[in-house]
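# Structural overview for review
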Amino acid sequence: MECERCHQRPATVHLTEIINNEKRTMRLCEQCARELQAQAMGFFPQINLHNFLAGLLHNEFGFPTTGPTVAPAGARCEACGLTEAQFARQGLLGCGECYRYFGPRLEPVFRRIHGNTCHTGKVPERTGGKVRVINRIERLKAQLREAISREEFERAAELRDTIRELEKELQEG
């Protein structure tokens with residue numbers, strides 16, 4: 001998708017403004033997003049997501065938010081070698097294994113940012129009822145194929161019946 005402002009570069013920034021209950025959405029390239037932010041004369045906060053997360057992590061790990069960060073005696077990811085100090089400074093994990101090494105320290109941060117520590121899906125509850133049912137049907141169909149391949153025909157029949165019920169709900173709703 002291309003930038004809606006310059007129509008030259010790919011859009012990498014999704015900007016949503018809500019002013020007086022009117023929502024305006026723009027897809028911009030990084031350069032146009034910076035220019036718009038500069039033109040706003042300080043109206044938009046100058047926040048970089050990585051810096052924002054790093055700030056939260058500094059507080060969560062007990063590091064000062066200003067001044068130099070002292071490397072604590074603590075965990076280091078065995079897979080990529082990322083230390084707590086690097087993680088808190090950058091606000092980025094180095095690899096998927098970092099979640100295991102830094103997990104207990106990340107939970108309060110996730111809870112504060114997301115309100116929960118468990119991923120509940122990408123679809124908003126208020127608008128995703130139909131999408132959730134469709135996704136559930138797809139998962140059940142995959143389970144059905146697996147049950148048939150393992151010759152678990154009773155389980156397959158149960159899954160088939162559940163799928164039919166859900167599909168009927170979709171058609172009625």
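Basis of the calculations
- Residues numbered from 1 in each chain as written.
- Predicted model: local features only at pLDDT ≥ 70, side-chain atom pairs only at ≥ 80, totals over all residues.
- Heavy atoms only, no water.
- UniProt positions renumbered as here; feature names shortened; annotations may be inferred.
- Helix = DSSP H or I, 4+ residues; strand = E, 2+ residues; numbered from the N terminus.
- Expected span 1.5 Å × (residues − 1).
- Buried < 20%, exposed > 50% of the residue type's maximum accessible area, 1.4 Å probe, protein only.
- Arc of directions from axis to C-beta.
- Contact = heavy atoms within 4.5 Å.
- Pairing = 2+ DSSP bridges.
- Salt bridge = Lys/Arg side-chain N within 4 Å of Asp/Glu carboxyl O.
- Polar contact = N/O pair within 3.5 Å; in protein donor to acceptor, adjacent residues only side chain to side chain.

### As for the UniProt feature "domain: UVR" (unreviewed entry) in the protein
If you check UniProt for "domain: UVR" (unreviewed entry), the listed places come out as residues 134-169 in our numbering. The annotated region residues 134-169 carries 92% helix and 0% strand content, and the separation between its end C-alpha atoms amounts to 10 Å.

### Side note on helix 6 (residues 153-172)
Each turn of an α-helix holds 3.6 residues, which means side chains three or four residues apart point in the same direction. With 20 residues, helix 6 extends 28 Å between its outermost C-alpha atoms, agreeing within 8% with the 28 Å of an ideal straight helix rising 1.5 Å per residue. Among the residues of helix 6, those classed as buried are Ala156, Leu159, Ile163 and Leu166. Buried residues of helix 6, viewed axially, fall in a sector of 90°; they line one side. Across helix 6 from its buried face, at more than 90 degrees, point the exposed residues Phe153, Glu154, Arg164, Glu165, Lys168, Gln171 and Glu172. In this structure, the buried side of helix 6 is in contact with helix 5 (129-149).

### Topic: the environment of Thr83
Checked against the element boundaries, Thr83 lands in the loop between helix 2 (49-60) and helix 3 (84-90). In this structure Thr83 comes out as buried when scored by relative accessible area, which is 18%.

### Points about the pairing of strand 1 (residues 13-19)
Two elements, strand 1 and strand 2 (residues 22-28), share seven bridges in a ladder whose sense is antiparallel. For Leu15, the partnering residue across the bridge sits in strand 2 and is Met26. Connecting strand 1 to the antiparallel partner strand 2 that follows it, the hairpin turn spans two residues, and Asn20 within it adopts a positive phi of roughly 50°.

### As for the pattern of salt bridges
Here the idea is simple: oppositely charged side chains can pair when their charged atoms come close. If you walk through the whole model with that rule in mind, you get six salt bridges. Arg27 serves as the salt-bridge partner of Glu4, at 3.6 Å between the closest nitrogen and oxygen. Note that Glu4 is positioned in the segment before strand 1 and Arg27 in strand 2, a separation of 23 residues in sequence. Residue Arg160 is joined to Asp161 by a salt bridge in which the shortest nitrogen-to-oxygen separation is 3.0 Å.

### Structural notes on the UniProt feature "coiled-coil region" (unreviewed entry) in the protein
In this structure's numbering, the residues bearing the UniProt feature "coiled-coil region" (unreviewed entry) are residues 130-169. Between the first and last C-alpha atoms of residues 130-169 the distance is 9 Å; the span itself is 92% helix and 0% strand.

### Quick notes on the environment of Arg9
Structurally, the position occupied by Arg9 is in the segment before strand 1. Distance in space between the C-alpha atoms of Arg9 and Leu28 is 8.4 Å, their sequence separation being 19 residues. Separated by 3.4 Å, the side chains of Arg9 and Gln31 make a polar contact.

### Describing unusual backbone geometry
Trans peptide bonds make up the majority, and among non-glycine residues the majority have a negative phi. At His7, a residue that is not glycine, the phi angle is positive and equals roughly 55°. Mapped onto the secondary structure, His7 falls in the segment before strand 1. In the Ramachandran plot, Glu151 falls in the positive-phi region, its phi being about 60° despite a non-glycine side chain. Mapped onto the elements of the fold, Glu151 is located in the loop between helix 5 and helix 6. Taking relative accessible area as the criterion, Glu151 reaches 60% and is therefore assigned exposed.

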